[in-house]
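# Descriptive structure summary
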Amino acid sequence: MPHDLLIKNGTVIDGSGGPARRADVAIESGRITGIGDLSGQQARETLDAEGHVVTPGFIDGHTHMDAQVYWDPLGTCSSYHGVTSVVMGNCGFTLAPSRADARELVVRNLERAEDISPAAMAEGISWGFETFAEYLDTVDRLPKGINYSGHVGHSALRTFVMGERAFEEEATEDDLVAMKRELASGMAAGAMGFTTSRTLNHQTSDDRPVASRLANWDEVRELVGVAGAAGGIFEIANEDAPMDGVAAQSDYFGRLEALAKESRATIMFGMGSTRTQPESWKPWMELVERVSDSGGRMFAQVHSRQFNIILNFEGQLPFDGLPEWKALRALPRAEQMRRLRDPETRAQLIHVAHHGKYGDAVGAEARKPDYDWVFRMSDPLGPHDRISDLAREAGVDPVEVMIDIALETNFKQNFIQPFANHDQDQVLSLMKHPRSIVTFSDAGAHVSQISDCSIATHLLGHWVRKEQAVGLEEAVSMLTAQPAAAFGFSDRGQLREGYVADLAIFDPESVAPELPEMKHDLPGGARRLVQKAKGFLATVVGGEILLRNGEHTGALPGQLLRRENAGR
């Protein structure tokens, strides 16, 4: 019998960290059935991978595609970068559970904290569920190009049980019983785990804390216990005080250690470094090591580069919240350009950009820029030109430099404003830590401000090829086997006979992210940044070619991935 798909003449990197080898890969019924010299064997479809490496499909464990899965089965832009499986519902933000008569409460949690357009959600989501189990069944029925799994989010869980009170008060004993019941049901249906947010950065559109931030620690403990009893994961957007204060850090670390021991849940949180304290991550990784050494499971989710806000005149700018700029930005593009060329108007806008009143939250419209840390993005892999350097060279104001570049490029030029991971030596150390997972993309959220679906291709293009600081086999393992083990995907993440045939096939000499572009392709024409990649011959999901040379083949082989030890 012929194979369904035969991938010939490629260099296999199996995800284990072992050496690359020349081999063919045979696939039948969505599974890998042979790896080696398969000369003379026949297949219904053959793909010549000469000059390319054949690896497991990449796994992204920190996404927010819970709404996007309705209107974008390909999971773009993650799939463009070799991702074949994602975990949704991080930081406490999910669509489910949610009551049919109170959908606006879920939208309130998502709208600002995750920068997801409520208009896009209103047009793109057909709902059809209330409980989390019903949501998973709905996702199971949707057409999918890649594989999706999901957590139960704390903010949705609170509003499902408490309604408007979820944004105002702590839970009663009856509230907590009801939340635990619904969470247990979601875990039994195959949820990966339970997630929450404690950070001040997560607010609603009316400047209130998202619902999970109203919970006391006892509520968190009780709910994590439910997830842990089911063998699940607990992911948390951490409290802010422990980032700087020694006493607060000691208290918080003690709570997390106790939680890991009593709940037996796998605990995960995002981690990076700050500009003022580049080694601030080290005590956190020492915590991870202590918990792991004592028999617990704890991982840090990390990035492969700076965390960047992407700025452009088509999307968002740091000045957009200032009244004079807000009035300008409400005008049609041609009129904006005309006024930016007017010397008097330009001078006023530059003055306001330096002296206006800014906030202090993370976001494109929030913090006053430091032009030593704003860059023109020309090559996605860098290096990037510092705006302050360009201004000094031209003998003009840095805001004027940004205006001139924007006008020269018809508003297409992207600028980047890092808000974390400024020191790349620290980024490299974090990626190489044995208890970290390179998986912190936030794909599906912040869609007009960031484009971190490219962390995989940045790792391959920058750290492997340009810097030669990470071996190709090591990098592939970071993107495949390591997250698969952490998230409990027992038959993915490696190229082995019997494993699911999710594969990424790319040229290691050219793989890289492309420049992001602002598109209006969300439901209702809402905007988002779209970033493709180059160097991929094919992306295979469940044994079918999903993307060939970056273009969709029409296949939709993706599946819902339920937690493997779920009670169903």
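Residues numbered from 1 in each chain as written. Predicted model: local features only at pLDDT ≥ 70, side-chain atom pairs only at ≥ 80, totals over all residues. Heavy atoms only, no water.

## A closer look at the overall build of the chain
If you tally the helices and strands in the chain, you get 18 helices and 26 strands. Structurally, the chain occupies a C-alpha span of about 75 × 60 × 45 Å along its principal axes. Going through the 568 residues of the chain one by one, you find that 61% of them count as buried. Here the analysis covers contacts within the chain between residues at least 6 apart in sequence; of these, 75% occur between residues at least 24 apart. Summed over its atoms, the accessible surface of the chain is roughly 21200 Å², and 47% of this surface lies on carbon and sulfur atoms. (Helix = DSSP H or I, 4+ residues; strand = E, 2+ residues; numbered from the N terminus. Buried < 20%, exposed > 50% of the residue type's maximum accessible area, 1.4 Å probe, protein only. Contact = heavy atoms within 4.5 Å. Areas by Shrake-Rupley, 256 points an atom, 1.4 Å probe, with all protein chains shown as cover.)

## As for helix α13 (residues 387–394)
Listing the buried residues of α13 in full gives I387, S388, L390 and A391. Down the axis of α13, the buried side of the element spans an arc of 160 degrees, and every buried residue falls inside it. Exposed and oriented more than 90 degrees from the buried face of α13 are R392 and E393. Structurally, α13 contributes buried residues whose contacts are with β15 (375–376), β16 (385–386), α14 (398–408) and β17 (415–420). One or two steps after α13, the chain reaches G395, where phi turns positive at roughly 70 degrees. (Arc of directions from axis to C-beta.)

## A closer look at a negative patch on the surface
Where like charges cluster on the molecular surface, the negative patch consists of D101, E104, E130 and E134. Relative accessible area serves as the criterion here: at 30%, E130 is assigned to the partly exposed category. (Patch = residues over 30% accessible without salt bridge, like charges linked within 9 Å, V, L, I, M, F, W, Y side chains within 5 Å. Salt bridge = Lys/Arg side-chain N within 4 Å of Asp/Glu carboxyl O. Lys, Arg positive; Asp, Glu negative; His and termini not counted. Charge placed at Lys NZ, Arg CZ, Asp CG, Glu CD.)

## Observations regarding the sheet that holds β17
Taken together, the 4 strands give an open sheet; going across it, the order is β14-β17-β15-β16, and neighbouring strands pair in antiparallel fashion. Among the strands making up the open sheet, the edge pair consists of β14 (307–311) and β16. Bridge count between β14 and β17: 5 bridges; the pairing is antiparallel. Directly across from I309, in β17, lies its bridge partner Q417. (Pairing = 2+ DSSP bridges.)

## A short note on the packing of aromatic side chains
Summed over all chains, the structure comprises 17 aromatic pairs. Ring centres of F253 and W284 lie 4.8 Å apart, and the angle between their planes is 75 degrees; on these two criteria the pair is classed as edge-to-face. Separated by 31 residues along the polypeptide, F253 in helix α8 (residues 246–263) and W284 in helix α9 (residues 282–293) bring together distant segments of the chain. The residues F253 and W284 share a single accessibility class, namely buried. Taken together, the ring pairs in this structure connect W217, Y252, F253, F269 and W284 into an aromatic cluster. The ring of F160 carries R99 above its face, with NZ or CZ at 4.1 Å from the centroid. The ring centre of F129 lies 5.3 Å from the NZ or CZ of R103, which sits over that ring. (Phe/Tyr/Trp six-rings, centres within 6.5 Å; stacked < 30°, edge-to-face > 60°. Lys NZ or Arg CZ within 6 Å of the ring centre and 35° of its normal.)

## With respect to the packing of helix α5 (residues 154–162) against helix α7 (residues 217–229)
Orientation of α5 relative to α7, taken along the N-to-C sense of each, is 100 degrees, at an axis distance of 13 Å. As the angle between them shows, α5 and α7 are arranged roughly perpendicular. On α7, the residues that touch H154, L157 and R158 of α5 are E219, V220 and L223. Within the contact of α5 with α7, the residues separate by chemical class into 3 nonpolar, 1 polar and 2 charged. (Axes fitted to C-alpha atoms, helices over the stretch in contact; angles between N-to-C directions. Parallel < 35°, antiparallel > 145°, perpendicular 65-115°, else oblique. Nonpolar A, V, L, I, M, F, W, Y, C, P; charged D, E, K, R; others polar.)

## A few points about the environment of A300
Relative to the assigned elements, A300 resides in strand β13 (residues 297–302). When the C-alpha positions of A300 and R108 are compared, they lie 28 Å apart, and in sequence the two are 192 residues distant.

## As for the packing of helix α11 (residues 333–341) against helix α12 (residues 343–355)
Between α11 and α12, the least distance of the axes is 5 Å, while the angle of their chain directions is 90 degrees. Taken together, the axes of α11 and α12 lie roughly perpendicular to each other. Counted together, R339, L340 and R341 of α11 and P343, T345, R346 and L349 of α12 form the full contact between these two elements. Grouping the amino acids of the contact of α11 with α12 by side-chain chemistry returns 3 nonpolar, 1 polar and 3 charged.

## What about the sheet that holds strand β6 (residues 58–60)?
Strand order in this open sheet of 3 strands is β6-β7-β8, and the pairing throughout is parallel. Because the sheet does not close on itself, it has two edges, and the strands there are β6 and β8 (147–150). Pairs of neighbouring strands in the sheet enclose a mean axial angle of 15 degrees, with direction left out of account. Pairing between strand β7 (residues 83–88) and β8: 4 bridges, direction parallel. Across the sheet, the residue bridging to M88 is G150, located in β8.

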